[in-house]
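Understanding the architecture of this molecule
So you can see what is in the structure, the chains are spelled out below.
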Amino acid sequence: PFRCTMVAVRGLPALLALCVLALVFCAGVLIGSRAAIERDAAPQSGAAPAPAQRPLPVALRDARAYVPPRQTAPRKAIRILCWVLTHPDMHGTKAMAVARTWGPRCDTLLFMSSALSRQLPNTVALPINESRALLWEKTKLAWKYVYEHHINDADWFMKADDDSYVMVHNLRDFLMDYPSDMRFYFGRHFKQPKNQGGAEYMSGGAGYVVSRGALMALGEDLDEVMATPGVLEDMEFGRVMRRLGVTFGDSRDGLGRERFFPLSINHLRHWYTRERYPTLWLWDYSKRAPKDGPTCCSPHWIATHYASDARMYEYERQFLAGDEGCGL
């Protein structure tokens, strides 16, 4: 506060003059203080400007107008090698459909055949004749090739047929919880009826997956594996995995629904039921009693069998459209 005090002032004009001077002084102080404040608040030369206020997300402004972006890129936290059992007659049809649909979503894709193909990429010509009686011999050669040439290229290794369709993104999600350096073996778990031997294995038609740890164990015992006789490739491979101490994993979801299908997923959902087919071999060969009808199959299924090339393209269209019924 400023107080005008008259000390030895004579007359009113002098008093008025002193008050005016005091008011001018106070106004100058106030103006100078305001200028200093504004100067300090202004960004200095070379300093970053104050961040602008961020607008509200669309979801908060209008929830009805917000559509979350669909994640289409496959997860790359783990590497998957897929090898497909095929033969020259199928190079231009079923195998080509694999190459044009789900196959490229694997980190490495190989086609195990008995002849090379100019039209089919990454074909391996195994030294063997084509015959169903030689499927186990062909499968052993394929695993030998994968171990010798690609053991360091992937964390997980999947065998599929050329009439299989695989949801690779669901396979990635499923395998995330398992360390690949341990010995794991996943697929549709079969067990022969006791009167047929009771062997346990993963269905070859549905496709099966082994960890790098399991493949390392197979490679270290390769000579004995290659000498193992047999005809049914999936059953013999299961016996090898059992002998090597590999864990037979449970690939079902939390509700007990299967992820690997030895038959067409469409038929399993809508046609093959216990009521309609009480003696279907699938009920007797499944390790665990499978569900049937619409509840048979996990919405996050991994592989289905008996897919023609036309059916594969249909699955692919459903996948690209985001159809939940196609494993999304």
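Residues numbered from 1 in each chain as written. Predicted model: local features only at pLDDT ≥ 70, side-chain atom pairs only at ≥ 80, totals over all residues. Heavy atoms only, no water.

Within the protein chain, the regular secondary structure consists of 11 helices and 12 strands. Within the protein chain, the fraction of its 328 residues that count as buried is 45%. In the structure as shown, the protein chain presents an accessible area of about 18,200 Å², 56% of it carried by carbon and sulfur atoms. (Helix = DSSP H or I, 4+ residues; strand = E, 2+ residues; numbered from the N terminus. Buried < 20%, exposed > 50% of the residue type's maximum accessible area, 1.4 Å probe, protein only. Areas by Shrake-Rupley, 256 points an atom, 1.4 Å probe, with all protein chains shown as cover.)

Within helix α5 (residues 168–175), six of the eight residues are buried, which leaves it mostly tucked inside the rest of the structure. All of the buried residues along α5 are V168, N170, L171, R172, F174 and L175. In this fold, the buried residues of α5 make contact with β1 (80–85), β4 (156–161), β5 (165–166), β6 (184–187) and β9 (208–211). (Contact = heavy atoms within 4.5 Å.)

This next bit is on the environment of I265. For I265, the position within the fold is in helix α9 (residues 265–270). For the pair I265 and Y306, spaced 41 residues apart in the sequence, the C-alpha separation amounts to 9.0 Å. Ignoring any residue separated from it by four or fewer positions in sequence, one finds I265 in contact with C297, W301, T304 and Y315.

A separate point is the side chain of S286. The topology assignment puts S286 in the loop between α10 (281–285) and β12 (303–304). In terms of polar contacts, S286 uses its side chain to reach the backbone carbonyl oxygen of L282, at 2.9 Å. Setting aside its immediate chain neighbours within four residues, S286 contacts R188, H189, F190 and K191. (Polar contact = N/O pair within 3.5 Å; in protein donor to acceptor, adjacent residues only side chain to side chain.)

All right, on to the packing of aromatic side chains then. Evaluated as defined, the whole model comprises 23 aromatic pairs. Between F190 and Y201, the aromatic rings sit 5.8 Å apart at their centres with planes inclined by 90 degrees, giving edge-to-face as the arrangement. A residue pair is termed long-range when its members are at least 10 positions apart, and F190 in strand β7 (residues 189–191) and Y201 in strand β8 (residues 200–202) qualify at 11 residues. Of the two residues examined, F190 and Y201, each falls in the buried class. Linked through ring pairs, W83, W143, Y185, Y208, F237 and F248 together constitute an aromatic cluster. Positioned over the ring face of W283 is R274, at 4.5 Å from the centre of the ring. Across from the ring centre of Y315, 5.9 Å away, lies the NZ or CZ of R311, which sits over that ring. (Phe/Tyr/Trp six-rings, centres within 6.5 Å; stacked < 30°, edge-to-face > 60°. Lys NZ or Arg CZ within 6 Å of the ring centre and 35° of its normal.)

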